Amino acid sequence: MHELSLCENILQMIEQQAKDQQFTRVLTVFLEIGQLSGVEPEAISFCFDAVMAGSVAAHAKLVIVPQVGLAWCAKCYHHFEIQHRYDECPICGSYEFQIKKGEHLRISELEVI
Amino acid sequence: MCGICGCGESQLTAHTHAHTHTHEHEHVEHSATVRRIKVEQDIFAKNNQYAQLNREYFRQHGIFALNFVSSPGSGKTSLLTATITQLPADCAISVIEGDQQTTLDAEKIRATGVRALQINTGKGCHLDAHSIAHALQDQIPEPNSLVLIENVGNLVCPAAFDLGEAYKVVVLSVTEGEDKPLKYPDMFHAAELMILNKIDLLPYLDFDVEKCIDYARRINPRIKVLQLSVKTGQGMTEWLQWLTISQRLSSIA
Ligand SMILES: Nc1nc2c(ncn2[C@@H]2O[C@H](COP(=O)(O)OP(=O)(O)OP(=O)(O)O)[C@@H](O)[C@H]2O)c(=O)[nH]1
Ligand SMILES: [Mg+2]
Ligand SMILES: [Zn+2]
């Protein structure tokens, strides 16, 4: 699982923000996880505390904000909500679609002092 | 220190923090100093930046790079050694091998006479673009050459990490079962080509080739599929054609 290295990337970003935005402690991290990002929210939560220990984000609360997947069908041109990559277009049954939303993993906000 | 990024060490060595968990809940004074910052930064952004740099490097030097991904033991190294020995001798190739431990695969590649660099990821379950940037410094590929990257055997994590390659090639051996594209969709979604390997074993299995291809196309309607046996050599001609033509096309684009 790569959630450990993702948590390390999260910490690097937070440390960069701490320098840029002049804060010394993070209280809350708001993390958006796209439904199709391949990232397991539970595994992130599991690694988070251990990776943040001893940093500006030690004891920070992690708030995971799930993001639904959104796809656009190239056959019937409809947008639809998508749970899995193997889903079909609910309107025409096609597998020819583009994923428009829900592939990302993003720090949306930080609550800091 | 690293010339590319100024880092002191590989990112992949997971630091294990001395973890003294004193769970006394500190009560934060909700004074005016508490503020909210909008960040809106993607976690994969950093890897993607390195990947973009690698891609630009490949483009400038006319290098065609492929990223081979699969679960452990599908036949990536076997395919690479067979490919190297069957390509024309004037074709410049170098290989980057990713494994958690050992230099066994790099040694197998070197036995063919081609340069190979082994990256050991330790606990890391995938290669990332940063480690590839280092590898390209340590083993500088020839201009207009082929760079073959064998990722860590893992059908999950390497899907999310762009290395700057032209294409991901996913190798699925028929002993793994035809349902893998549905169970591990991200990898098949990210790949340009699926190689169904070990087809010499089909007579001994209930593997449904058509179903497998259908599943893969559900995830990725544009995926190309080649059926191959490294052991018997069946399908190798088509594979070498795909490789040669794709390399040519990328030099035009
Ligand atoms: N029957 C058969 N065996 C194969 C074929 N290709 C590879 N093998 C065998 O599969 C085993 C694993 O092959 P490798 O090439 O080491 O696989 P790999 O994907 O590089 O493995 P990792 O690097 O450990 O993930 C070896 O014993 C190979 O001899 C094939 O086409 N047919
Ligand atoms: Mg191998
Ligand atoms: Zn449709």
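Just above, that's the structure.
Being a predicted model, the structure only gives us computed values, none of them experimental. One numbering rule holds for all chains: residues counted from 1, following each sequence as written. Whichever chain is written first becomes A and whichever ligand is written first becomes 1, with later ones labelled in order. Residue-level local features of this predicted model are given only where pLDDT is at least 70; pairs of side-chain atoms are given and counted only at 80 or more, and the full residue set underlies all totals for whole chains, interfaces and linings. Calculation of side-chain values draws on the structure's entire complement of heavy atoms; hydrogens and water are dropped beforehand.

Draft legend 1. Focus on the overall build of chain A. Within chain A one finds two helices and six strands. Two things to know: the radius of gyration comes from C-alpha atoms, and the globule rule equals 2.2 Å times the number of residues to the power 0.38. In summary, chain A has a C-alpha radius of gyration of 17 Å against a globular reference of 13 Å for 113 residues, an excess of more than 25%. If one aligns the C-alpha atoms of chain A with their principal axes, the spans along those axes are about 50 × 25 × 15 Å. Sorting the 113 residues of chain A into buried and exposed places 51% on the buried side. All accessible-area figures derive from a Shrake-Rupley calculation using a 1.4 Å probe, and residue coverage is judged against the displayed protein chains alone. Taken as a whole, chain A presents about 5300 Å² of accessible surface, with 50% of it coming from carbon and sulfur. Between the mean site of the 8 positive side-chain charges and the mean site of the 15 negative ones, chain A shows a separation of 6 Å. A run of DSSP states H or I qualifies as a helix once it reaches four residues; a run of E qualifies as a strand once it reaches two. Both are numbered from the N-terminal end. Burial status follows relative accessibility: with a 1.4 Å probe on protein chains alone, a residue under 20% of its type maximum counts as buried, one over 50% as exposed, and anything between as partly exposed. All tallies of charge rest on Lys and Arg as positive and Asp and Glu as negative; His and the ends of each chain are not included. The atom standing in for a charge is NZ when the residue is Lys, CZ when it is Arg, CG when it is Asp and CD when it is Glu.

Draft legend 2. Representation of the side chain of S145(B). Take S145(B): it is sitting in the loop between α4 (129-138) and β5 (146-150). The contact definition used throughout considers only heavy atoms, calling two residues in contact when any of these lie within 4.5 Å. Residues contacting S145(B), with those up to four places away along its chain left out, are G62(B), I63(B), F64(B), A92(B) and Q247(B).

Draft legend 3. Looking closely at the site of ligand 1. Residue and element names in this part refer to chain B. Contacts to ligand 1 come from 18 residues, most closely from K76, T77, S78, E150 and D200. At 3.0 Å from an oxygen atom of ligand 1 is found a side-chain nitrogen or oxygen belonging to D105. Relative to its free-state accessible area of 660 Å², ligand 1 is covered by the protein chains to the extent of 70%. The dominant element in the shell around ligand 1, judged by the number of residues it contributes, is helix α2 (residues 76-86), at three residues. We call a residue near a molecule or strand whenever a single non-hydrogen atom of that residue lies within 4 Å of it. N or O atoms closer than or at 3.5 Å make up a polar contact, with two conditions inside protein: a donor-capable atom paired with an acceptor-capable one, and, for residues adjacent in sequence, both atoms drawn from side chains.

Draft legend 4. Structural context of the coordination of the zinc ion (ligand 3). Residues and elements named next belong to chain A. Nitrogen, oxygen and sulfur within 2.8 Å of a metal are treated as its donors, or within 3.2 Å for sodium, potassium and calcium (Na, K, Ca); water is not counted, so a site can appear incomplete. Protein ligation of the zinc ion (ligand 3) involves C73 (SG), C76 (SG), C89 (SG) and C92 (SG), the donor distances falling in the range 2.3 to 2.4 Å. Read in sequence order, the donor residues coordinating the zinc ion (ligand 3) give the pattern C-x2-C-x12-C-x2-C. Of this pair, C76 sits in the loop between β3 (69-73) and β4 (79-82) while C89 sits in the loop between β4 and β5 (97-101), placing them 13 residues apart in sequence. You can call C89 buried: its relative accessible area is 1%.

Draft legend 5. Here's a closer look at the packing of aromatic side chains. Residues and elements named next belong to chain B. What counts as a ring pair is set by centres within 6.5 Å for rings of Phe, Tyr and Trp (its six-membered ring), and what kind of pair is set by the plane angle: stacked under 30 degrees, edge-to-face over 60, tilted for all other angles. Taken as a whole and judged by the stated rule, the model has eight aromatic pairs over all chains. When the ring of Y57 is compared with that of F58, the centres are 6.1 Å apart and the planes differ by 65 degrees; the resulting orientation is edge-to-face. Overall, F58 belongs to the buried group, its relative accessible area being 3%. The interplanar angle of 75 degrees and the centroid separation of 6.2 Å between the aromatic rings of F64 and Y167 together place this pair among those described as edge-to-face. Taken as a pair, F64 in strand β2 (residues 64-69) and Y167 in strand β6 (residues 167-173) lie far apart in primary sequence, 103 residues in all. The class of F64 is buried, set by a relative accessible area of 1%. Take Y167: its relative accessible area is 27%, and that puts it in the partly exposed class. Taken together, the aromatic side chains of F64, F68, Y167, W239 and W242 make up a single cluster linked through ring pairs.

Draft legend 6. Structural view of a nonpolar patch on the surface. Residues and elements named next belong to chain B. Side chains of I245, L249 and I252 sit close together on the surface and give an oily, nonpolar patch of about 340 Å² of accessible area. Tracing the chain through its elements places I252 in helix α8 (residues 236-252). A residue is classified by how much of its surface remains accessible, and I252, at 69% relative accessible area, is exposed. Residues enter a patch when their relative accessible area is above 30% and they make no salt bridge; the linking distance is 9 Å between like charges and 5 Å between nonpolar side chains (Val, Leu, Ile, Met, Phe, Trp, Tyr). What makes a salt bridge here is a side-chain nitrogen of Lys or Arg within 4 Å of a carboxyl oxygen of Asp or Glu, nothing more.

Draft legend 7. Looking closely at the environment of L193(B). Residue and element names in this part refer to chain B. Residue position: L193 is located in strand β7 (residues 193-197). The spacing of L193 and K224 is 31 residues in sequence and 4.6 Å in space, taken between C-alpha atoms. In this structure L193 touches K168, V169, V170, I223, K224, V225, L226, W239 and W242, once residues within four positions along its chain are discounted.

Draft legend 8. Focus on the pattern of salt bridges. All names here are of chain B. Tallying each qualifying case throughout the model produces 16 salt bridges over all chains. Among the salt bridges present, the one from D162 reaches R55, with a minimum N-O distance of 2.9 Å. Note that D162 is positioned in the loop between β5 and β6 and R55 in helix α1 (residues 45-60), a separation of 107 residues in sequence. On the accessibility criterion, D162 (17% relative accessible area) is buried.

Draft legend 9. Representation of helix α2 (residues 41-52) of chain A in the model. All names here are of chain A. Counted at 1.5 Å a residue, the expected span for α2 with its twelve residues is 16 Å, and the 16 Å between its end C-alpha atoms agrees. Residues of α2 that are buried: A43, I44, C47, F48, V51 and M52. Projected down its long axis, α2 shows its buried positions confined to an angular sector of 140 degrees, all on one face. Exposed and facing more than 90 degrees away from the buried side of α2 are E42 and F46. Tucked inside the fold, the buried residues of α2 contact α1 (3-21), β1 (26-34) and β2 (61-67). Directly beyond the C-terminal end of α2, a positive phi value near 80 degrees is found at G54. Given a helix with a known number of residues, its expected span is that number minus one, times 1.5 Å. Throughout, the arc means the angular range of directions from the helix axis out to the C-beta atoms.

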